[in-house]
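Chain by chain, the residues:
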Amino acid sequence: MNQETFRPPLRVAGYVATRKGDPERGPLVLVNSNEARVRLLEDGELAWVYGPRRHELAVIRYDESVGRGDAIVRDVAGVAPSEIIQLVKHDFDAGKSTRNLG
């Protein structure tokens, strides 16, 4: 099975919405390191977050307190707790092609 077709889902176990002036802001997904490795994602890497309504780029951070199969999401529009998301490694080598957009 190749990486393009193997996209195991994650459940949004928590959502953090920040406000202007918060010291830590922006799209972020916290996942268990094992879940990230299955998706070939490194700590601090950008990845596409596909939700039920849209997709956008977010930074991936390892957090061993997050359960397997779960994710904690911060400032990613279009997702809510208990919804299913998929994380997909961004292909920076794609150049001007849009094939890496899903």
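The paragraphs below set out a description of the structure included in this document. None of these values were measured; they are calculated from a predicted model.

**Thoughts on the environment of Ser82**
The residue Ser82 is located in the loop between strand 5 (70-74) and strand 6 (84-89) in this model. Once the C-alpha coordinates of Ser82 and Tyr15 are considered, the two residues, 67 residues apart in sequence, prove to be 9.5 Å apart. Beyond its immediate sequence surroundings of up to four residues, Ser82 is in contact with Arg11 and Val12.

**Some points on the pairing of strand 1 (residues 10-16)**
Examined bridge by bridge, strand 1 and strand 6 share two bridges and lie antiparallel to one another. Its bridge partner being in strand 6, Leu10 is matched across the sheet by Ile85. In terms of strand pairing, strand 1 meets strand 5 through five bridges, oriented parallel. Counted as the bridge partner of Val12 is Ala71 from strand 5.

What counts as what
- Residues numbered from 1 in each chain as written.
- Predicted model: local features only at pLDDT ≥ 70, side-chain atom pairs only at ≥ 80, totals over all residues.
- Heavy atoms only, no water.
- Helix = DSSP H or I, 4+ residues; strand = E, 2+ residues; numbered from the N terminus.
- Contact = heavy atoms within 4.5 Å.
- Pairing = 2+ DSSP bridges.

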